[in-house]
2 protein chains.
Amino acid sequence: MELKVIAYARNGHTDKFGIPRQSREESPIETRIVFEPEYKVAEALRGIEGYSHLWLIWGFSEVDSWSPTVRPPRLGGNKRMGVFATRSPFRPNPLGLSSVRLVRVEDGDLIVSGADVLDGTPIYDIKPYLSFSDSHEDARNGFAEETKGYKLNVEMSATALLNGDASLNDEIRRDIEYILSQDPRPGYQDDPDREYKLDYAGWNVAFGVEKGVVIIKKIQKM
Amino acid sequence: MELKVIAYARNGHTDKFGIPRQSREESPIETRIVFEPEYKVAEALRGIEGYSHLWLIWGFSEVDSWSPTVRPPRLGGNKRMGVFATRSPFRPNPLGLSSVRLVRVEDGDLIVSGADVLDGTPIYDIKPYLSFSDSHEDARNGFAEETKGYKLNVEMSATALLNGDASLNDEIRRDIEYILSQDPRPGYQDDPDREYKLDYAGWNVAFGVEKGVVIIKKIQKM
């Protein structure tokens, strides 16, 4: 089957680093689903506002090979699991699947929250989430079980905004704090002296992690 | 993106008529996911048995056009909804999405239950179900809400097995009763005199529906 791109995702994740590893209900990060001209038909969304959640089927970018086993970052990056037991991009067909919250329909686009996708990600399908078919609250989560509640506290150092960027608004700040709480570091790294860089929505963030707390060292407009 | 078939679904649904309209936890119907030679790699399933549920991304067969609006069968077939507000096959990319229960791994294949797919359906991806990401128990189900608990009682007429088919085993009988309880009739039909035919797992079933009860009139080996 040859897939047609029906829409592109637009959000602040202009860099792969920092994209949450799964979609999450509590994520405040909004993504605009911008339909391609051929599929931008108001009629095709009729009734969609009755749903609180949607599915997105999308494409991982820059993936052109698969591997029978992969190293999930949350397992420290040194344990191999079967690719079909993971959500890794390195699958035979590099499709991503995310449940997102529908925030609103706006100018024929969809505004959703919680999508774990890069800015510019191609979208192949959008479906309503049906709780009686899709929700399995008590599902066993395999090796992912142990990592599901993992979350770091985030603090801003006194000098983080010293360069005088008063234009950092509450939404961007909230998004950045959420991203950092999800611990975007590669799974195999835990060096308190190391400084990491995150680009998000036009902002460059420098941070480190000390004793399980993320310290934002600097935030600057890019 | 050009999708590769990684596996085919094998089950008793040799006919489209009777396939449940969504995957359901309570469905007893088992499907074998038979990997294509290139993807039949035991390693690729390592760790999958730790998950109780999986996602299947699959292809609707014989669909080569889409429509901005469709008529969901459960709304009586005369009300139009936007295609992205439904799980209709007539979408720009005819992809299906089903959460299924993993029953077991057997000879390098997966045995799952609850898949709402035709025998021979191409499978494009298999992912673990992650409850912390995929489960939204309280999601609002739009127009599908009103139909979610819909279910018919099923009775077998005294003469249904009169032709002496003692070989009808409990599993097949349980599957057939489940399928009929889901009301496979086209949404716009409710004629008590009409007789319907269902083919399942090599059996031909004749039934009618009277006052909300399915009456199995005859079951015969095909």
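All figures in this text were calculated on a predicted structure; none of them were measured in a lab. (Residues numbered from 1 in each chain as written. Chains lettered and ligands numbered in written order. Predicted model: local features only at pLDDT ≥ 70, side-chain atom pairs only at ≥ 80, totals over all residues.)

> Looking at this model, I keep getting lost on the overall build of chain A. Mind explaining?
If you tally the helices and strands in chain A, you get 2 helices and 12 strands. Computed over C-alpha atoms, the radius of gyration of chain A comes to 18 Å, within 12% of the 17 Å expected from 2.2 N^0.38 for 222 residues, which places it in the range of a compact globule. Judged by the C-alpha coordinates and their principal axes, chain A covers about 50 × 45 × 35 Å. When burial is assessed residue by residue, chain A has 40% of its 222 residues classed as buried. A separation threshold of at least 6 residues defines the contact pool for chain A, and within that pool the share at least 24 residues apart is 71%. (Helix = DSSP H or I, 4+ residues; strand = E, 2+ residues; numbered from the N terminus. Rg over C-alpha atoms; globule rule 2.2 N^0.38 Å. Buried ≥ 20, exposed ≤ 12 C-beta atoms within 10 Å, placed from the backbone. Contact = placed C-beta atoms within 7 Å.)

> Just checking my understanding: could you explain the pairing of strand 8 (residues 122-128) of chain A for this structure?
Regular strands have side chains that alternate between both faces of the sheet. Residues and elements named next belong to chain A. In terms of residue burial, strand 8 counts as a mostly covered element, since 6 of its 7 residues are buried. Both strand 1 (residues 7-10) and strand 8 contribute to a ladder of 2 bridges, which runs antiparallel. Bridge pairing links Y8 to P122 in strand 8. Sheet topology places strand 3 (residues 53-59) next to strand 8; 5 bridges connect them, and they run antiparallel. Opposite I57, over in strand 8, you have D125 as the bridge partner. (Pairing = 2+ DSSP bridges.)

> Got a minute to help me understand the sheet that holds strand 11 (residues 203-210) of chain A in this structure?
In any sheet, the strands associate via hydrogen bonds between backbone groups, in a parallel or an antiparallel arrangement. Residues and elements named next belong to chain A. Strands sit in the order 9-12-11-10 across an open sheet of 4 strands; the sheet is mixed. Whereas interior strands pair on both sides, the edge strands pair on one side only; in this sheet they are strand 9 (153-156) and strand 10 (196-200). Across the sheet, the mean angle from the axis of one strand to that of its neighbour is 35°, orientation sign disregarded. Relative to strand 12 (residues 213-221), strand 9 runs parallel, the two sharing 4 bridges. The residue bridging E155 from the neighbouring strand is I215, located in strand 12. (Axes fitted to C-alpha atoms, helices over the stretch in contact; angles between N-to-C directions.)

> Any chance you could explain helix 2 (residues 170-181) of chain A here in plain terms?
Each α-helix turn comprises 3.6 residues. Residues three or four places apart therefore point the same way. Residues and elements named next belong to chain A. Over its 12 residues, helix 2 extends 16 Å from the first C-alpha to the last, a length consistent with the 16 Å expected when each residue adds 1.5 Å. The secondary structure elements touched by the buried residues of helix 2 are strand 9, strand 10, strand 11 and strand 12. Residue D183 follows helix 2 closely and has a positive phi angle near 55°. (Expected span 1.5 Å × (residues − 1).)

> I'm lost on the interface of chain A and chain B in this one. Help?
Interface size is commonly expressed as the accessible surface area that is lost when the partners come together. With 60 residues of chain A in contact, the opposing surface of chain B contributes 60 residues. Contributing elements (two or more residues each) for the side of chain A that touches chain B: strand 3, strand 5 (81-82), strand 6 (95-106), strand 8 and helix 1 (131-134) of chain A. In terms of residues, the side of chain A that touches chain B owes the most to one element, strand 8 of chain A, which gives 5 residues. Looking at the side of chain A that touches chain B residue by residue, the class counts come to 28 nonpolar, 18 polar and 14 charged. (Nonpolar A, V, L, I, M, F, W, Y, C, P; charged D, E, K, R; others polar.)

> Sorry, what's going on with the sheet that holds strand 6 of chain A here?
All names here are of chain A. With respect to topology, 6 strands assemble into a closed barrel ordered 1-2-7-6-3-8, the strand pairing being antiparallel. Neighbouring strand axes in the sheet, compared pairwise and without regard to direction, differ in orientation by 45° on average. Note that strand 6 and strand 7 (residues 109-113) share 5 bridges and pair antiparallel. Residue pairing in the sheet places R104 in a bridge with I111 of strand 7.

> What is the right way to look at the relation of the copies chain A and chain B in this model?
Each copy of the chain is related to the other by a rotation around an axis and a translation along that axis. Expressed as a screw operation, the relation of chain A to chain B combines 0.0 Å of axial shift with a rotation of 180°, fitting to an RMSD of 0.0 Å. Both copies are brought into coincidence by an operation consistent with a two-fold rotation axis. Interface overlap between copies: 100% of the residues of chain A at the interface are likewise at the interface in chain B, consistent with a symmetric, same-surface contact. (Least-squares fit on C-alpha atoms with pLDDT ≥ 70 in both.)

> Just checking my understanding: could you explain the nonpolar core for this structure?
Note on soluble globular proteins: their nonpolar side chains tend to be buried together. Core analysis: the biggest nonpolar cluster contains 72 residues, and L54, L56 and I123 of chain A together with L54, L56 and I123 of chain B have the highest contact counts within it. If near-sequence neighbours (up to four positions away) are discounted, L56 of chain B is found in contact with S98, V100, A115, I123 and I126 of chain B. (Core = buried A, V, L, I, M, F, W, Y, C linked by C-beta atoms within 7 Å.)

> Just to check I follow, could you spell out the domain arrangement of chain A for this structure?
All names here are of chain A. Entries for chain A in the domain assignment read domain 1 (7-143) and domain 2 (151-221). Inter-centroid distance (C-alpha atoms) of domain 1 to domain 2 is 24 Å. With 16 residues of domain 1 at the contact, the number on the domain 2 side is 13 residues. (Domains from an automatic or database assignment.)

> Which parts of the structure should I look at to understand the pairing of strand 2 (residues 30-35) of chain A?
All names here are of chain A. Alternating residues of strand 2 divide into T31, I33 and F35, all buried, and E30, R32 and V34, none buried. Taken together, the 4 bridges between strand 2 and strand 7 define a ladder with antiparallel strand orientation. Paired with R32 across the strands is I111, a residue of strand 7.

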